[in-house]
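# Topology and contacts: notes
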Amino acid sequence: MGEVATRMTALQRAGKKALVPFVTAGFPTRDVFPQLLEEVSRFADIIEIGVPFSDPLADGPVIQHTSQVALEQGVTLPWILEMLADQQARASVSVPVVLMSYLNPLLQISDGDFFERARRANVAGVIIPDLPVEEGAPYEIAARDQQMDLIYLIAPTTSQERARLIADRSQGFVYLVSITGVTGARDAFPAETFDFLRRMRALTNKPLCVGFGISRPEQVRQLAPEVDGVIVGSSLLRVIMEAPSDPIRAAQRMLTPLRRALDESWSPSSVINAE
Amino acid sequence: MHYGQPDERGRFGRFGGQYVPETVMEALLELERQFQSAWHDEAFRRLFHHHLREFVGRPTPLYFAERLTEALGGARIYLKREDLCHTGAHKINNCVGQALLTLRMGKRRIVAETGAGQHGVATAAVAARFGLECIVYMGEIDMERQAPNVFRMQLLGAEVVGVAEGSRTLKEAINAAIRDWVTNVRTTHYLLGSVVGPHPYPVMVRSFQAVIGEEVKEQLLEREGRLPDYLVACVGGGSNSIGLFYPFLDEESVQIIGVEAGGRGPGLGEHAATLSFGTPGVLHGAHSFLLQDRFGQIASTHSVSAGLDYPGVGPEHSFLKETGRVTYVTVSDREALEAFEELSELEGIIPALEPAHALAFLRRLIPRTSKEDIVVVGLSGRGDKDLQLARQAMEEYHHG
Ligand SMILES: Cc1ncc(COP(=O)(O)O)c(C=O)c1O
């Protein structure tokens, strides 16, 4: 079992829910990012770091923008891995780090295998949004060889049969895409989202984290009882983007109420469910 | 020999595959099932060919270019006149096929990307013809350089959405179309315009475009009693070329040449010659050759021709390059413009700038041929959309 799975299981046992913030590597600047990462990780159970890509086709306007800014500053996968290795050496990020990357940047790592290098940078897991299970087998093996978790996504459009297969093969947790669409904040979630989360809960014992579109404490309160964790990306990046003079404080202000909402979702029944 | 590509998982050797967000996987699998069942259904095939005849105007002529042949002094040159298709390019063959599939799947909304505007116009036309809602994504640079086509699409009832991201050309238009599809996948079919993207698009679009090569085979047999010695076509995503080449891949005597956009030169960003200068990677759902930097970021491209201005290429072409069955070459902006003028003056046919690349290669190919040889060039579209651009570029060259 990888570090992500271990963490999720520990939280489940304690009846707690995971907060998984997502930040784009090197955003808003390469200099500020390590400190931002450190601060954000204080609120996090797992932290997800986006590798910027020129063509992020599962992403909405915010992550398109942050990726573009990061690329313009020369953020590369090798830079990210070096930064993480350094960060870990300083022990400033104490939670498991998951990289989210489109497949192509991973394929182009030239000096050695991506998974080997990521492991050396203490990366615990990888999410590849353009890698469905049909294409995933070689990457699952490579990840497992490094005791890393390869996390798959399930969407509301996924059939029960496929969902079972994906849940089975996903390591660490299963990433549930809250709505049919790309990343980006939503005002409200339709009933379909809740039906979907319950269907998935009934289908698998694997830890479930829901993401795409979550921005507000009341959304966290609504969604958390159905899952084991929530992923918050675009809305966090937006507040960072809109506070160029003090992005770190802006992130803290945004995450504090989300963390509180999540901790209030603690329930004895979830402890019992996890047993 | 039997070519037999792709395999049942949509792989052409090591190329192809389905690298897409999970949200559209179910729709892709459904498309694959529907395409397979339709393609093996006699009634569907009859309907497809009915619309190719009545709406598109097929078969298109295989035209003997007498004065061009004389001027170049070698092989007999035939032009496959896809420029005479309704809406002015080969793109509509595929659009008719996919529109019929869309109806078969019970969807009422289509989205498409367009570069030169030819695929957008063809999509808008079939959408009007079959009563489908149609959204076309187009990079803002392309909207400028192919302005007449924007109005055509609007006139045909399509909504044209400008894309302001990145290089503001075809690649970003595809990104935007995919994002729309990911969001509206339950009601919407993505009518992709070339043999790129995830399986089953490359094999499906090839199947709809193969009518080009099938007609050539028949027409040439009738006229010359034999197969051609050379096939030449331009390669953007690769659909008009694979349509021409596919029925001949098993004919070993036929030499096949794909012509890519060499732009202003071989530096990254100066051209769109993916097979000639690229390396393998994953973009827009498939593993294929790409123009990219060493960190896997997709490069910007340049070509005088909007329809070739794309950093990827269909996975089947990557396979055909690796196996050596097809030879890929490049032609510069300038050579393409010269061929554009030459065909206009010698044959009274104004080609699109895309197939002008294929025509330009004749200047290099014909001196190596004899008068008994036969060359067939895919004339994938007409040049109406390019007049403004060609005039500007020609003035620059003539004065500069
Ligand atoms: C006339 C014409 N030829 C060729 C192309 C290039 O596409 P493909 O390589 O798919 O044939 C285009 C694309 O817009 C086109 O309009």
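Residues numbered from 1 in each chain as written. Chains lettered and ligands numbered in written order. Predicted model: local features only at pLDDT ≥ 70, side-chain atom pairs only at ≥ 80, totals over all residues. Heavy atoms only, no water.

Broken down by element type, chain B carries 16 helices and 14 strands. Structurally, chain B occupies a C-alpha span of about 55 × 50 × 40 Å along its principal axes. Looking at chain B as a whole, 67% of its 400 residues are labelled buried. For chain B, long-range pairs separated by at least 24 residues make up 75% of all intrachain contacts whose partners lie at least 6 apart in sequence. When the accessible surface of chain B is totalled, it reaches about 14000 Å², and 49% of it is carbon and sulfur. Each charge class in chain B was averaged separately, 40 positive and 51 negative side chains, and the resulting centres sit 2 Å apart. (Helix = DSSP H or I, 4+ residues; strand = E, 2+ residues; numbered from the N terminus. Buried < 20%, exposed > 50% of the residue type's maximum accessible area, 1.4 Å probe, protein only. Contact = heavy atoms within 4.5 Å. Areas by Shrake-Rupley, 256 points an atom, 1.4 Å probe, with all protein chains shown as cover. Lys, Arg positive; Asp, Glu negative; His and termini not counted. Charge placed at Lys NZ, Arg CZ, Asp CG, Glu CD.)

Turning next to the site of the ligand. Residues and elements named next belong to chain B. Taken together, 19 residues are adjacent to the ligand, and Ser194, Gly236, Gly238, Ser239 and Ser380 come closest. Residue glycine 237 places a main-chain N or O atom 3.2 Å away from an oxygen atom belonging to the ligand. The separation between an oxygen atom of the ligand and a polar side-chain atom of serine 239 is 2.7 Å. Within the complex, the protein chains bury 97% of what would otherwise be the 390 Å² of accessible surface of the ligand. In a pocket analysis with a 2 Å cut-off to the grid points, the ligand is assigned to the largest cavity. Among the residues making up the shell around the ligand, the classes are represented as six nonpolar, 11 polar and two charged. (Near = heavy atom within 4 Å. Polar contact = N/O pair within 3.5 Å; in protein donor to acceptor, adjacent residues only side chain to side chain. 1 Å grid on protein atoms, 1.4 Å probe; cavity = no way out; pocket = protein on both sides within 12 Å on 5 of 7 lines; lining within 4 Å. Sits in = over half its atoms within 2 Å of the grid points. Nonpolar A, V, L, I, M, F, W, Y, C, P; charged D, E, K, R; others polar.)

Another point: the packing of helix α4 (residues 91–104) of chain B against helix α9 (residues 201–209) of chain B. Residues and elements named next belong to chain B. Packing of α4 against α9 brings their axes to within 8 Å, and their N-to-C directions diverge by 115°. Regarding the angle of α4 to α9, the classification is roughly perpendicular. The two elements α4 and α9 cross, and the hand of that crossing is right-handed. Contacts between α4 and α9 involve Lys91, Asn93, Asn94, Gly97, Gln98 and Leu101 from the former and Tyr201, Met204, Val205, Phe208 and Gln209 from the latter. Of the residues assigned to the contact of α4 with α9, the class counts are five nonpolar, five polar and one charged. (Axes fitted to C-alpha atoms, helices over the stretch in contact; angles between N-to-C directions. Parallel < 35°, antiparallel > 145°, perpendicular 65-115°, else oblique. Left-handed = near helix turned anticlockwise from the far one by under 90°.)

What tends to happen in soluble globular proteins is that the nonpolar side chains get buried as a cluster. Counting residues in hydrophobic clusters, the biggest one holds 168 residues, and the most contacted among them are Leu84(A), Leu99(A) and Leu176(A). Sequence-distant contacts of Leu84(A), defined by excluding residues within four places in its chain, comprise Leu37(A), Ile49(A), Val97(A), Leu99(A), Ala121(A) and Val123(A). Cys234(B), Ala336(B), Leu337(B) and Leu379(B) belong to the second-largest nonpolar core, a separate cluster that totals 40 residues. (Core = buried A, V, L, I, M, F, W, Y, C linked by side-chain atoms within 4.5 Å.)

Right, let's talk about the sheet that holds strand β9 (residues 229–232) of chain A for a bit. Within a sheet, adjacent strands bond to each other through the backbone by hydrogen bonds, running parallel or antiparallel. Residues and elements named next belong to chain A. Taking strand neighbours across the sheet as the criterion, the nine strands line up as β5-β4-β3-β2-β1-β9-β8-β7-β6 in an open arrangement whose pairing is parallel. The open sheet terminates on both sides in strands that have one partner only, identified here as β5 (149–151) and β6 (153–154). Where helix α2 (residues 33–42) meets the sheet, its contacts fall on β1 (18–24) and β2 (47–50), and the angle it forms with β2 comes to roughly 150°. Strands in contact with helix α4 (residues 77–89) are β2, β3 (97–100) and β4 (123–127); relative to β3, the strand with the most contacts, it is inclined by about 175°. (Pairing = 2+ DSSP bridges.)

Let us now look at the pairing of strand β6 (residues 133–139) of chain B. All names here are of chain B. By the criterion of burial, β6 is predominantly enclosed, with six of the seven residues buried. Direction of pairing for strand β5 (residues 109–114) relative to β6: parallel, over a ladder of six bridges. Residue isoleucine 110 lies in a different strand from β6, and its bridge partner there is cysteine 134. Crossover β5 to β6 through helix α5 (residues 118–130) is right-handed. Pairing analysis gives five bridges linking β6 to strand β7 (residues 159–163), with the strands arranged parallel. Paired with tyrosine 137 across the bridge in β7 is valine 161. (Right-handed = clockwise from strand over helix to strand, strands pointing away.)

Here the focus is the layout of surface pockets. All names here are of chain B. Considered as a void within the structure, the largest pocket measures approximately 450 Å³ in volume. In terms of lining, the largest pocket is formed by 18 residues, of which the most central are Arg145, Arg264, His302, Ser303 and Val304. Listed by contribution, the elements that provide at least two residues to the lining of the largest pocket are α6 (140–145), α14 (333–347) and α16 (387–399). Among the elements that take part in the lining of the largest pocket, α16 stands out by supplying five residues, more than any other. Across the lining of the largest pocket, the residue classes tally to six nonpolar, six polar and six charged. (Points joined across faces, edges and corners; volume = space filled by probe spheres on them.)

The next thing to look at is the pairing of strand β14 (residues 374–379) of chain B. Residues and elements named next belong to chain B. Taking burial as the measure, the six residues of β14 include six buried ones, the bulk of the element. Judged by which residues are buried, β14 turns out to be covered on both faces: Ile374, Val376 and Gly378 on one side and Val375, Val377 and Leu379 on the other are all buried. Two strands pair when backbone bridges link them, and strand β9 (residues 230–234) and β14 are joined in this way by three bridges, in the parallel orientation. Paired with valine 232 across the strands is valine 377, a residue of β14.

Should the pLDDT be low somewhere, the predicted coordinates at that spot are not to be read in detail. Residue and element names in this part refer to chain B. Summary statistics for chain B give a mean pLDDT of 96 and a share of 100% for residues scoring 70 or more. For chain B, the element scoring lowest by mean pLDDT is α16, at 84; β9 scores highest, at 99. The complex model carries a pTM of 0.96, and its ipTM stands at 0.95. (pLDDT = per-residue confidence, 0-100.)

Further remarks concern the side chain of Glu342(B). All names here are of chain B. By the secondary structure assignment, glutamate 342 is in helix α14. The exposure class of glutamate 342 is buried, given its relative accessible area of 16%. Setting aside anything within four residues of it in sequence, one finds glutamate 342 in contact with Leu68, Leu72 and Arg363.

Residues and elements named next belong to chain B. A full pass over the atoms with the stated rule returns 15 aromatic pairs over all chains. Pairing tryptophan 39 with phenylalanine 208 gives two aromatic rings, centres 5.5 Å apart and planes at 85°, and the pair type is edge-to-face. Separated by 169 residues along the polypeptide, tryptophan 39 in helix α1 (residues 25–39) and phenylalanine 208 in helix α9 bring together distant segments of the chain. Across this residue pair, the class does not change: tryptophan 39 and phenylalanine 208 are buried. Residues tyrosine 190 and tyrosine 201 carry aromatic rings whose centres are separated by 6.1 Å and whose planes lie at 55° to one another, so their mutual orientation is tilted. With tyrosine 190 in strand β8 (residues 188–190) and tyrosine 201 in helix α9, the pair connects residues that are 11 residues apart, well separated along the chain. Take tyrosine 190 and tyrosine 201: they sit in the same class, and that class is buried. Taken together, the ring pairs connect Phe35, Trp39, Phe48 and Phe208 into an aromatic cluster. Positioned above the aromatic ring of phenylalanine 130 is the side chain of arginine 129, whose terminal nitrogen or guanidinium carbon lies 4.8 Å from the ring centre. Over the ring of tyrosine 246 we find arginine 206; its NZ or CZ atom is 3.8 Å from the centre of that ring. (Phe/Tyr/Trp six-rings, centres within 6.5 Å; stacked < 30°, edge-to-face > 60°. Lys NZ or Arg CZ within 6 Å of the ring centre and 35° of its normal.)

Let's shift gears to empty space enclosed by the protein. All names here are of chain B. For the structure shown, the criterion picks out 11 cavities of 30 Å³ or more. Taken as a whole, the largest cavity encloses approximately 330 Å³ of empty space. Taken together, 30 residues line the largest cavity, and the ones lying closest to its centre are His90, Lys91, Gly237, Gly307 and Leu308. At the level of elements, β5, α5, α8 (170–184), α11 (239–245) and α15 (353–365) are the ones that each hand at least two residues to the lining of the largest cavity. Looking at the lining of the largest cavity residue by residue, the class counts come to 10 nonpolar, 16 polar and four charged.

With that settled, the discussion passes to the pattern of salt bridges. Pairs can form between side chains of opposite charge whenever their charged atoms are close. Per the stated rule, a full pass over the model turns up 42 salt bridges over all chains. The salt bridge partner of Glu26(B) is Arg162(A), with a shortest N-O separation of 3.9 Å. One end of the pair, Glu26(B), is in helix α1; the other, Arg162(A), is in helix α8 (residues 160–169), on a second chain. A single burial state applies to Glu26(B) and to Arg162(A), both of which are buried. (Salt bridge = Lys/Arg side-chain N within 4 Å of Asp/Glu carboxyl O.)

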